[in-house]
Amino acid sequence: MIEYWFLLPVGVAIGALVMSAGVSGATLWVPVYLLWLKLDAPVAFWLGLLTMLFGFGSGVIRNFRDGTFDGVIVRRYLLVAIPAALVGGWASGSVNQALIVAFFGAFLIVYAILIAGRTLAAPGDSVRHDRVPASIALLGGALTGLISIGIGILAMPSVLRHRSSRSPAAGIGSLVMIIFFTSLAATIGRMRPSLISVLRRDSSQIIAIAIWAVPGVVLGGQIGPRLAQMLPSERHTRLYFSAVLLLVGVLTLARAAAVR
């Protein structure tokens, strides 16, 4: 059990990073489980979601206590994203995940560059709006169910530009809540009989990993929202998000190669 001690500092770093940027922690945990610990792909994907839930749960509590979220935005996204994530999670065992992950990894890299380019070209923060795109919630929720990533990344630009987001920290706090509940639905949706059988078989190893990883992400979940509050403007938040997104895209491509 002591052999997984290194997951504690790794968990703190991942939790703080993703919570401050509004990106799903499963994106960074899956490469750790898949490439580093050599777990089977279905177990790595599910365990990545589960580990992330503890970190984002901690972040949700912190943002709720600080008031750094917008309840209206969160509810409107979740009404569409949660059912989509349940369906996507159940369908995840029947699709070519390597192909979807590779495509999405390449998309993330291009998306990160475009966000950074548009942000640097703009003189200030972007124009506000009142929309909550159902298509983004639907696609993001389905992707979160299928490959454990999607809703936070796709929803981030719209959430930050929403008129009711009082500050960049409130926008990130709203994303954290949207990601948490969508990922919870995806975790439940993935509980097919075949996966349950594998989880029972590997339960001792999973528990040993969780003993170190969970406290790390819980601590990181408290640090991340405070880091988000240090970002002075939406422009800085978008640049920070694009840098994290670029890292996520590279790791997602590595994950796709490992699944094959």
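Everything numeric in this text was worked out from a predicted model, so none of it was measured.

1. A few points about the overall build of the protein
In step 1: Scanning the protein from terminus to terminus reveals 11 helices and 0 strands.
In step 2: The linear arrangement of helices and strands in the protein, starting from the amino end, is α-α-α-α-α-α-α-α-α-α-α.
In step 3: Expected size for 260 residues packed as a compact globule is a radius of gyration near 18 Å; at 17 Å, the protein falls within 12% of this value.
In step 4: Considered along the principal axes of its C-alpha atoms, the protein spans approximately 55 × 35 × 30 Å.
In step 5: Computing the positive centroid from 20 side-chain charges and the negative centroid from 8, the protein places the two 4 Å apart.

2. What to know about the environment of Leu-227
In step 1: Looking at the secondary structure, you find Leu-227 in helix 10 (residues 203-229).
In step 2: Sequence separation between Leu-227 and Leu-17 is 210 residues, and the spatial gap between their C-alpha atoms is 8.6 Å.
In step 3: Those residues within four positions of Leu-227 in sequence are excluded, and the remaining contacts are Ala-16 and Ser-20.

3. Section: unusual backbone geometry
In step 1: We note that Lys-38 has phi near 60°; this positive angle belongs to a residue other than glycine.
In step 2: Position of Lys-38 among the secondary structure elements: in the loop between helix 2 (26-36) and helix 3 (41-66).

4. Quick notes on the packing of helix 7 (residues 151-161) against helix 8 (residues 168-189)
In step 1: Taken N-terminus to C-terminus, the directions of helix 7 and helix 8 make an angle of 150°; their axes are 10 Å apart at the nearest point. With respect to their mutual orientation, helix 7 and helix 8 come out roughly antiparallel. For the pair helix 7 and helix 8, the crossing hand works out as right-handed. Every residue of helix 8 that contacts helix 7 at Ile-151, Gly-152, Ala-155, Met-156, Val-159 and Leu-160 is listed here: Pro-168, Gly-171, Ile-172, Ser-174, Leu-175, Ile-178, Ile-179 and Thr-182.
In step 2: Here the contact of helix 7 with helix 8 is built from residues that sort into 10 nonpolar, 4 polar and no charged.

5. A word on the nonpolar core
In step 1: Judged by nonpolar contacts, the single largest core of 76 residues is most densely connected at Leu-7, Trp-29, Tyr-33 and Ile-153.
In step 2: Leave out the neighbours within four places in its chain, and Trp-29 touches Leu-7, Val-10, Gly-11, Ile-14, Gly-48, Thr-51, Ala-213 and Val-217.

6. A short note on the side chain of Ser-183
In step 1: Mapped onto the elements of the fold, Ser-183 is located in helix 8.
In step 2: On the basis of relative accessibility, which here comes to 1%, the residue Ser-183 falls in the buried class.
In step 3: Of the polar contacts made by the side chain of Ser-183, one reaches the backbone oxygen of Ile-179; its length is 2.8 Å.
In step 4: If near-sequence neighbours (up to four positions away) are discounted, Ser-183 is found in contact with Leu-49, Met-52, Leu-53 and Thr-144.

7. What to know about the confidence of the model for the protein
In step 1: Of the residues in the protein, 92% have a pLDDT of 70 or more, and the chain-wide mean is 83.
In step 2: Within the protein, the element-level pLDDT minimum falls on helix 11 (residues 234-259), averaging 78, and the maximum on helix 4 (residues 71-91), averaging 92.

8. Some thoughts on helix 1 (residues 7-21)
In step 1: Taking 1.5 Å per residue as the helical rise, helix 1 with its 15 residues ought to reach 21 Å, and the 21 Å between its terminal C-alpha atoms agrees with that figure.
In step 2: For helix 1, the complete set of buried residues consists of Leu-7, Val-10, Gly-11, Ile-14, Gly-15, Ala-16, Val-18, Met-19, Ser-20 and Ala-21.
In step 3: Gly-22 sits one or two positions beyond helix 1 and adopts a positive phi of about 75°.

9. What about the environment of Val-176?
In step 1: Relative to the assigned elements, Val-176 resides in helix 8.
In step 2: Setting aside residues up to four positions removed in sequence, Val-176 forms contacts with Met-19, Phe-56, Gly-59, Val-60 and Asn-63.

10. Some words on the environment of Gly-48
In step 1: With respect to the helices and strands, Gly-48 occurs in helix 3.
In step 2: Separated by 100 residues in sequence, Gly-48 and Ser-148 place their C-alpha atoms 7.9 Å apart.
In step 3: When sequence neighbours within four positions are dropped, the list of residues in contact with Gly-48 reads Ala-26, Trp-29, Val-30 and Tyr-33.

Criteria and cut-off values
Residues numbered from 1 in each chain as written. Predicted model: local features only at pLDDT ≥ 70, side-chain atom pairs only at ≥ 80, totals over all residues. Heavy atoms only, no water. Helix = DSSP H or I, 4+ residues; strand = E, 2+ residues; numbered from the N terminus. Rg over C-alpha atoms; globule rule 2.2 N^0.38 Å. Lys, Arg positive; Asp, Glu negative; His and termini not counted. Charge placed at Lys NZ, Arg CZ, Asp CG, Glu CD. Contact = heavy atoms within 4.5 Å. Axes fitted to C-alpha atoms, helices over the stretch in contact; angles between N-to-C directions. Parallel < 35°, antiparallel > 145°, perpendicular 65-115°, else oblique. Left-handed = near helix turned anticlockwise from the far one by under 90°. Nonpolar A, V, L, I, M, F, W, Y, C, P; charged D, E, K, R; others polar. Core = buried A, V, L, I, M, F, W, Y, C linked by side-chain atoms within 4.5 Å. Buried < 20%, exposed > 50% of the residue type's maximum accessible area, 1.4 Å probe, protein only. Polar contact = N/O pair within 3.5 Å; in protein donor to acceptor, adjacent residues only side chain to side chain. pLDDT = per-residue confidence, 0-100. Expected span 1.5 Å × (residues − 1).

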